[in-house]
Amino acid sequence: MSGRATPGRATTRAVTGPLLLGVRHHGPGSARAVIAALDAARPAAVLIEGPPEGDALLPLAADPRMRPPVALLAHAVDDPGRAAFWPLAEFSPEWVAIRWALAHDVPVRFIDLPATHSLALKEPPGDQPGEQPGEEPAPGPDAPEREATVTPHVDPIRVLAETAGYDDPERWWEDVVEHRSPAADATGDALAPFTALAEAMTALREAYGDGGHPRDAVREAYMRIQLRTTRKEFGDGVAVVCGAWHVPALAARTTLAADRALLKGLPKVKAEMTWVPWTHRRLARHSGYGAGIDSPGWYGHLFGAADRPIERWMTKVAGLLREEDRFVSTAHVIEAVRLAETLAAMRGRPLAGLSETTDAVRAVMCEGSDVPLALIQDRLVVGETLGEVPDGAPAVPLQRDLTRSQRTLRLKPEALERELDLDLRKETDAARSRLLHRLRLLGVGWGEPAEGRGSTGTFRESWRLRWEPELHVRVAEAGVWGTTVATAATAKAESRALAATALGEVTALAEHCLLAGLPEALPVVMKALADRAALDADVGHLADALPALARSLRYGDVRSTDTAALAEVAAGLAERICVGLPPACTGLDADGAEALRRQVDGVHSAIGLLVAGAAPAEGLRDRWGAVLRKLAGRDTVAGIIRGRATRLLLDEGRLTEDEAARLMGLALSPGTPPTDAAAWIEGFVGGASGGGMLLVHDERLLSLVDAWLTGVTADTFTDVLPLLRRTFSAYEPGVRRTLGELVRRGPVPEGARNDGTDHAYPGFGPGLDTGRADAVGPVLHLLLGRTPVPAEATA
């Protein structure tokens, strides 16, 4: 480099040659050094390592509504999933150079390989768009993002740290660069750190060549061409901010013809670029422009703290711990600062780093526990800062429509995960629900359904929301379906319906369309549903499809959706299931029987919904009851299914307790193989459907199970034990304890009934207390919103 300042001279002067400022991406020390160097040199133009397509977007960096961390997002127009990010934080040297140039009215440009080439050179994206950068970052100060497949990477920082006697390259870099005092840059030679780093990188490049990054030669050739062009326009008063690894290559003397030869024949794609918000958590991952950093929150603090950074950091930590109801006093803060500074002195560091402050916080504020340290690591060391981008930034039409919807519905994207409870009876909440369901249909996973708190009614929905920067790529990909969220979701739903080959896919899609409020897509989906239902003869497929349809029929109550067509299809499926289910329940192995048992449960619940709300389902409940009786009484049906059918009939009141006891007695008779009997018990009382309480309140059934179990031989008991453990382990601890007490007390006397009439059991009263029972009536009427019926009216 030419035009370097001489130590001890004035810090403000004109640049007499290209000023190459080698930096480490996302380094607060590098950022402060860049500001000091630019203030000292006052260049006529600033060039920055980055995609030239972003030049038109640079003025937005001066917009007060632009708040880092942000990222340049480039994607291929014909393949939006082929995308790359170039993240920038407030402490990134590139960002402060951009802001300095804009503030001083100095031309600023990007000079790295264009995204049109870098996107074409990279492999097609996988499941995580944007994980691979459009460029291939160099090692060391450029911090390589992934290893080369031919030559092992050389980590210049590690080599320099080992040369200096450090075993930790990050600690060496912090001591030499990040912890450099701002006062040193203000009073000394502002270019000294860049001069020293350039000399070190030159020696390393001579020893290690490209360091395992052959594509760097192409990138550096393009940067040299851009540097030549800028020098012709502005002379030698040009400053270049780039990864320190590239400085020797940019200072090298090459011919224009040689550089152009390296660029000849590069593949190209049509690319578009915009600014998007980024997060500190994403900066902590090894992807995107440069590399991930372990502690973006800590680096941001170092950059923003003009003085006394350790004291200010400890104050932040104390504030966070106090918010979590941990006692932290001012004395704790003072002692933690003293301990951190003492540790730094003992370890020979110029300033207490993150390791010293962490050790001090653990010892003083956390009482030696690592549990609160995990909170500090997540909230402060990494942080959840989400950047903001002004409305003037280019965006695909779908993104603009989504942004408008988010503002209208007051759904602000946030980096922190949060719960959102919706009441679908309210217009705004219903619109929020439709938006989130439409985005899920489009593959934009901003929200995920969650188990709701409180009411379990159909008018309640709960979501977990978290906005990740990659969702901008998902939105760009979804833009091929339409320019608004509604039209795009409709088009994608229609396409999926036409392409679906399984009945379950179409029924799930129909349910999704109703949830998302896509009436224009329903005709196509319903036609596909009717076609698949008519052709599919597999009872298992029909049984899997029916619950989704039955759930969909309920949405008309809270979403004002016409579900008449769905009701016809659902009733037809139910009829076919009633005909085909009994033959399908024979000749099954254990896994097949368990799968079909779950399907029987689903069909039972679905038919209950159909009967409650669909006119075409008249008489369906009786037909389904007849099917359950067939299943309960056939010896050829798997035991777990017979047991479940018996239980469902008993719960529905279609089977008396005497009949249930008789069926259980037959299933547990000595002639039944023990494994079949255990499977019957699992079907009858297994799961979380109240089977345990059934045995508690009907001791005849419990005595039948107990008598059967005590009669099982020792060898056979080993075979049935896993089934029984799986069955009874699902009960609540209180239920298991009560069952144990009942079994320990002994069998029920012959002829006794657990109704309080002729035998009183421990824990039960001698009879029904009608006075206490009547007192509950008014409360139930109030809860149900019904008018009590006068006693004389029922006499």
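Residues numbered from 1 in each chain as written. Predicted model: local features only at pLDDT ≥ 70, side-chain atom pairs only at ≥ 80, totals over all residues. Heavy atoms only, no water.

Thoughts on the overall build of the protein
Next up, step 1: Across its full length, the protein carries 35 helices and 10 strands.
Next up, step 2: In the protein, buried positions account for 50% of the 795 residues.
Next up, step 3: Of the contacts formed within the protein by residues at least 6 apart in sequence, a portion of 74% connects residues at least 24 apart.
Next up, step 4: When the accessible area of the protein is evaluated, it comes to approximately 36,500 Å², of which 53% is carbon and sulfur surface. (Helix = DSSP H or I, 4+ residues; strand = E, 2+ residues; numbered from the N terminus. Buried < 20%, exposed > 50% of the residue type's maximum accessible area, 1.4 Å probe, protein only. Contact = heavy atoms within 4.5 Å. Areas by Shrake-Rupley, 256 points an atom, 1.4 Å probe, with all protein chains shown as cover.)

What about the nonpolar core?
Next up, step 1: Of all hydrophobic cores here, the largest spans 111 residues; its most connected members are Leu546, Leu581, Trp624 and Leu631.
Next up, step 2: Here the element with the most residues in this core is helix H25 (residues 564–584); it accounts for 9 residues.
Next up, step 3: Residues within four places of Trp624 in sequence aside, it is in contact with Cys578, Leu581, Val600, Val603, His604 and Ile607.
Next up, step 4: The next biggest cluster of nonpolar side chains, apart from the first, holds 40 residues, and it includes Ala37, Leu58, Val96 and Val108. (Core = buried A, V, L, I, M, F, W, Y, C linked by side-chain atoms within 4.5 Å.)

Observations regarding a nonpolar patch on the surface
Next up, step 1: A grouping of Val776, Val779, Leu780, Leu783 and Leu784 is seen on the molecular surface, where their side chains present a nonpolar patch of about 500 Å² in accessible area.
Next up, step 2: Residue position: Leu784 is located in helix H35 (residues 770–784). (Patch = residues over 30% accessible without salt bridge, like charges linked within 9 Å, V, L, I, M, F, W, Y side chains within 5 Å. Salt bridge = Lys/Arg side-chain N within 4 Å of Asp/Glu carboxyl O.)

Structural notes on the sheet that holds strand S7 (residues 271–277)
Next up, step 1: Read from one edge of the open sheet, 3 strands run S4-S3-S7, paired in antiparallel fashion. With partners counted over all chains shown, the strands left at the sheet margins are strand S4 (79–88) and S7, one partner each. Taken pair by pair, the neighbouring strands of this sheet meet at an average axis angle of 25°, ignoring direction.
Next up, step 2: As paired elements, strand S3 (residues 70–76) and S7 share 7 bridges and run antiparallel to each other. Across the sheet, the residue bridging to Ala71 is Val276, located in S7. (Pairing = 2+ DSSP bridges. Axes fitted to C-alpha atoms, helices over the stretch in contact; angles between N-to-C directions.)

Regarding the environment of Ala161
Next up, step 1: Structurally, Ala161 can be placed in helix H4 (residues 156–163).
Next up, step 2: Separated by 12 residues in sequence, Ala161 and Trp173 place their C-alpha atoms 7.6 Å apart.

Re the packing of helix H21 (residues 503–516) against helix H23 (residues 539–553)
Next up, step 1: One can describe the packing of H21 onto H23 by two numbers: an axis separation of 8 Å at closest approach and a directional angle of 5°. Here H23 runs roughly parallel to H21, going by the angle between their axes. Contacts between H21 and H23 involve Leu503, Thr507, Ala510, Glu511 and Leu514 from the former and His541, Leu542, Ala545, Ala548, Leu549, Arg551 and Ser552 from the latter.
Next up, step 2: Broken down by class, the residue content of the contact of H21 with H23 amounts to 7 nonpolar, 3 polar and 2 charged. (Parallel < 35°, antiparallel > 145°, perpendicular 65-115°, else oblique. Nonpolar A, V, L, I, M, F, W, Y, C, P; charged D, E, K, R; others polar.)

Notes on unusual backbone geometry
Next up, step 1: With omega at 10°, the peptide bond leading from Pro68 into Pro69 counts as cis.
Next up, step 2: With respect to the secondary-structure elements, Pro69 resides in the loop between strand S2 (45–48) and S3.
Next up, step 3: Its identity as a non-glycine residue notwithstanding, Asp105 has a phi of 55°, on the positive side.
Next up, step 4: Using a relative accessible area of 72% as the deciding quantity, one classes Asp105 as exposed.
Next up, step 5: With a phi close to 65°, Asp325 is a non-glycine residue in the positive phi region.
Next up, step 6: For Asp325, the location among the structural elements is in the loop between helix H13 (309–323) and helix H14 (330–346).

What to know about the side chain of Asp259
Next up, step 1: Within the secondary structure layout, Asp259 lies in helix H10 (residues 256–263).
Next up, step 2: You can call Asp259 buried: its relative accessible area is 1%.
Next up, step 3: A distance of 3.0 Å separates polar atoms of two side chains, one belonging to Asp259 and the other to Thr254. (Polar contact = N/O pair within 3.5 Å; in protein donor to acceptor, adjacent residues only side chain to side chain.)

Quick word on the pattern of salt bridges
Next up, step 1: The full count for this structure, using the stated rule, is 38 salt bridges.
Next up, step 2: We note a salt bridge from Arg425 to Asp423, for which the minimum N-O separation is 3.0 Å.
Next up, step 3: Through salt bridges with shared partners, a single network forms among Arg347, Arg349, Glu356, Asp359, Arg362 and Asp370.

Quick notes on helix H16 (residues 371–382)
Next up, step 1: Taking 1.5 Å as the rise per residue, H16 with 12 residues should run 16 Å; its terminal C-alpha atoms sit 16 Å apart, in good agreement.
Next up, step 2: Inspection of H16 places Pro372, Leu373, Ile376, Leu380, Val381 and Val382 among the buried residues, and these make up the whole buried set.
Next up, step 3: Positive phi shows up at Gly383, right after H16, with a value of about 90°. (Expected span 1.5 Å × (residues − 1).)

Focus on H23
Next up, step 1: Look at H23: 21 Å from first C-alpha to last across 15 residues, which is about the 21 Å you get at 1.5 Å a residue.
Next up, step 2: Where burial is concerned, most of H23 is hidden: 12 out of the 15 residues are buried.

Side note on the pairing of strand S10 (residues 460–465)
Next up, step 1: With 6 bridges joining them, strand S8 (residues 418–423) and S10 adopt antiparallel strand pairing. When the sheet's bridge partners are listed, Leu422 is paired in S10 with Glu461.
Next up, step 2: Both strand S9 (residues 447–450) and S10 contribute to a ladder of 4 bridges, which runs antiparallel. Bridge pairing in S10 places Ala450 opposite Ser462.

A word on the environment of Val524
Next up, step 1: Mapping Val524 onto the fold places it in helix H22 (residues 522–535).
Next up, step 2: As a C-alpha pair, Val524 and Ala493 span 31 residues in sequence and 8.7 Å in three-dimensional space.
Next up, step 3: Not counting residues up to four positions away in its chain, the partners in contact with Val524 are Glu494, Ala497 and Leu498.

Overview of the packing of aromatic side chains
Next up, step 1: For the structure shown, the criterion picks out 6 aromatic pairs.
Next up, step 2: For the pair Trp95 and Trp275, a centre-to-centre distance of 6.1 Å together with 90° between the ring planes defines the contact as edge-to-face. Here the residue Trp95 occupies a position in helix H2 (residues 93–103), and Trp275 occupies one in strand S7, the gap between them amounting to 180 residues. The pair Trp95 / Trp275 is uniform in exposure class, with both members buried.
Next up, step 3: For the pair Trp298 and Trp313, a centre-to-centre distance of 4.9 Å together with 85° between the ring planes defines the contact as edge-to-face. A residue pair is termed long-range when its members are at least 10 positions apart, and Trp298 in helix H12 (residues 296–304) and Trp313 in helix H13 qualify at 15 residues. Trp313 carries the same exposure label as Trp298, and that label is buried. (Phe/Tyr/Trp six-rings, centres within 6.5 Å; stacked < 30°, edge-to-face > 60°.)

Brief notes about the confidence of the model for the protein
Next up, step 1: Looking at the protein as a whole, the pLDDT averages 80, with 83% of positions reaching at least 70.
Next up, step 2: Predicted confidence for residues 1–15 stays below pLDDT 50, and this span has 36 contacts to residues more than four positions away or in other chains.
Next up, step 3: Taken as a whole, residues 286–290 scores under 50 in pLDDT and shows 28 contacts with residues more than four places along the chain or in a different chain. (pLDDT = per-residue confidence, 0-100.)

Quick word on the sheet that holds S8
Next up, step 1: Strand order in this open sheet of 3 strands is S8-S10-S9, and the pairing throughout is antiparallel. Of all the strands in the sheet, just S8 and S9 have a single pairing partner and so form its edges. Each strand of the sheet is rotated relative to its neighbour by a mean of 35°, with strand direction disregarded.
Next up, step 2: Sheet strands in contact with helix H18 (residues 427–441) are S8, S9 and S10, and its direction is about 125° off that of S8.

With respect to the pairing of strand S6 (residues 238–243)
Next up, step 1: Counting buried positions along S6 gives 6 out of 6 residues, so the element sits mostly inside the fold.
Next up, step 2: Bridge count for S2 against S6 is 4 bridges, and the pairing is parallel. Residue pairing for S6: Val46 is matched across the bridge by Ala239.

Observations concerning the packing of H4 against helix H5 (residues 169–178)
Next up, step 1: The contact between H4 and H5 brings their axes to 8 Å, and the two run at 80°. One element, H4, and the other, H5, form an angle in the roughly perpendicular class. Contact with H4, carried on its side by Ile157, Arg158, Leu160 and Ala161, involves Pro169, Trp172 and Trp173 of H5 and no other residues of that element.
Next up, step 2: Along the lines of polarity and charge, the residues of the contact of H4 with H5 split into 6 nonpolar, no polar and 1 charged.

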